[in-house]
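Below, each chain spelled out in residue letters.
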Amino acid sequence: AGLGAISRGNALEMLAELGGFAGLMGSAWLLNEGLRAEEAYDARAVARPPAIPRKLFGAVLTGFSIAMVGAVSLGQDPLGAVIFGTVAGLAQVIAFGLDPMRKKGIEGVDQMATERVARAIEQAEGLVRDTTAAAARIGDQRIAGRIERICDQAREMFRVVERDPRDLARARAFLSVYLLGLRDATTKFADLYARTHDPVALGQYESLLADLETSFSKQRAHLLEDNRGDLEVEIEVLRERLLQDGLTPR
């Protein structure tokens, strides 16, 4: 359409059509991000609504883009263009729904505890996302698959904490040490391996992954069994292992 406007020598139409195209692409991106945020919200027992209602903003952007193209490029009267844009935006809302707007918690758990759990899980989810992004840079599907399985196990632990926020105090220490160590190790290895493809570094990294997996399995069992003493020992063992590899400050 923009090329047609150029051939007609109408710069305003060209800008409107290019702007409309950019707006629709931006709307599609917002919609995709909104659907991903909604999927993460639905998967969790305790969650806060997305800070930005991406699906709603995407629908508004769609309506504005359609109205702008209709009024400037297609020569519609302003009222008609607004009607077409409104219909387009509403159609997107009807097709994909609105963003989650309410906090989600567990019955019988006070609001403050729910908030603490939500914040802790959001921080842990951020570490998981950073880890998988770093693993993707390694370029080894076997390693990436292994990291994804470890992250899936961590997400299972998030669900355990969500179901019983009383576990948060005991789980938070381990998850912060565990996930932070996993992220930092994966980031450092990805940077090194991209330059050297050093098989010795690969072996050391896989050995660390094995230790992390073992620690995670033990911690999960201790958490489910409500065994505080063994859990604290496991945290110290993992912290010492990360110190030896230079992944946490002394």
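This structure is a prediction, so every number in the text was calculated from the model and none was measured.

(A) Quick look at the environment of glycine 89. By secondary structure assignment, the location of glycine 89 is in helix H4 (residues 78-96). Here the alpha-carbon distance between glycine 89 and threonine 62, two residues 27 residues apart in the chain, equals 5.7 Å. Beyond its immediate sequence surroundings of up to four residues, glycine 89 is in contact with Ala59 and Gly63.

(B) Broad picture of helix H2 (residues 11-43). The first and last C-alpha atoms of H2 sit 48 Å apart over 33 residues, in line with the 48 Å expected at 1.5 Å per residue. Buried within H2 are the following residues: Glu13, Ala16, Glu17, Gly20, Gly23, Ser27, Leu30, Leu31, Gly34, Ala37 and Tyr41.

(C) Quick look at the side chain of serine 27. Residue placement: serine 27 occurs in helix H2. Residue classification places serine 27 among the buried residues on the basis of a relative accessible area of 2%.

(D) Spatial organisation of the pattern of salt bridges. On inspection of all chains with the given rule, the structure shows six salt bridges. Measuring nitrogen to oxygen at the nearest pair gives 3.2 Å for the salt bridge that ties arginine 36 to glutamate 33. Placement of both arginine 36 and glutamate 33 in helix H2 is noted, with a separation of three residues, approximately one turn of the helix. Residue aspartate 184 is joined to arginine 183 by a salt bridge in which the shortest nitrogen-to-oxygen separation is 3.1 Å. A relative accessible area of 22% means that arginine 183 is categorised as partly exposed. Through salt bridges with shared partners, one network takes in Asp130, Arg183 and Asp184.

(E) Focus on the packing of H2 against helix H3 (residues 54-72). Running from amino to carboxyl end, H2 crosses H3 at an angle of 165°, the nearest separation of the two axes being 8 Å. One finds that H2 runs roughly antiparallel with respect to H3. Viewed along their axes, H2 and H3 form a crossing whose handedness is left-handed. The residue makeup of the contact of H2 with H3, split by class, is 14 nonpolar, nine polar and six charged.

(F) Focus on a nonpolar patch on the surface. On the surface, Phe21, Leu24 and Met25 cluster together into a nonpolar patch covering about 290 Å² of accessible area. Residue placement: leucine 24 occurs in helix H2.

(G) View of the side chain of threonine 62. Turning to its location among the elements, threonine 62 is positioned in helix H3. Side-chain polar atoms of threonine 62 contact the side chain of serine 27, separated by 2.4 Å.

(H) Quick look at the nonpolar core. The biggest cluster of nonpolar side chains holds 30 residues, and the ones touching the most others in it are Ile138, Ile147, Phe158, Leu179, Phe189 and Tyr205. When contributions to this core are tallied by element, the ones reaching two or more residues are helix H5 (111-138), helix H6 (141-163), helix H7 (168-196) and helix H8 (199-225). Discounting chain neighbours no more than four positions away, the residues touching phenylalanine 189 are Ile138, Ala201, Leu202 and Tyr205.

(I) A look at the packing of H3 against H4. Two elements in contact, H3 and H4, have axes whose closest approach is 7 Å; the angle formed by their N-to-C orientations is 150°. The orientation of H3 relative to H4 falls into the category roughly antiparallel. The way H3 lies across H4 gives a crossing that is right-handed. The residues of H4 that touch H3, namely those facing Lys55, Gly58, Ala59, Thr62, Gly63, Ile66, Ala67, Gly70 and Ala71, are Ala81, Val82, Phe84, Gly85, Ala88, Gly89, Gln92, Val93 and Phe96.

(J) Summary view of the confidence of the model for the chain. Considering every residue of the chain, the mean pLDDT works out to 77; 72% of them sit at 70 or more. Here residues 1-7 scores under 50 on pLDDT; set against residues more than four positions off or in separate chains, the count is eight contacts. Here residues 227-231 scores under 50 on pLDDT; set against residues more than four positions off or in separate chains, the count is seven contacts.

What counts as what
Residues numbered from 1 in each chain as written. Predicted model: local features only at pLDDT ≥ 70, side-chain atom pairs only at ≥ 80, totals over all residues. Heavy atoms only, no water. Helix = DSSP H or I, 4+ residues; strand = E, 2+ residues; numbered from the N terminus. Contact = heavy atoms within 4.5 Å. Expected span 1.5 Å × (residues − 1). Buried < 20%, exposed > 50% of the residue type's maximum accessible area, 1.4 Å probe, protein only. Salt bridge = Lys/Arg side-chain N within 4 Å of Asp/Glu carboxyl O. Axes fitted to C-alpha atoms, helices over the stretch in contact; angles between N-to-C directions. Parallel < 35°, antiparallel > 145°, perpendicular 65-115°, else oblique. Left-handed = near helix turned anticlockwise from the far one by under 90°. Nonpolar A, V, L, I, M, F, W, Y, C, P; charged D, E, K, R; others polar. Patch = residues over 30% accessible without salt bridge, like charges linked within 9 Å, V, L, I, M, F, W, Y side chains within 5 Å. Areas by Shrake-Rupley, 256 points an atom, 1.4 Å probe, with all protein chains shown as cover. Polar contact = N/O pair within 3.5 Å; in protein donor to acceptor, adjacent residues only side chain to side chain. Core = buried A, V, L, I, M, F, W, Y, C linked by side-chain atoms within 4.5 Å. pLDDT = per-residue confidence, 0-100.

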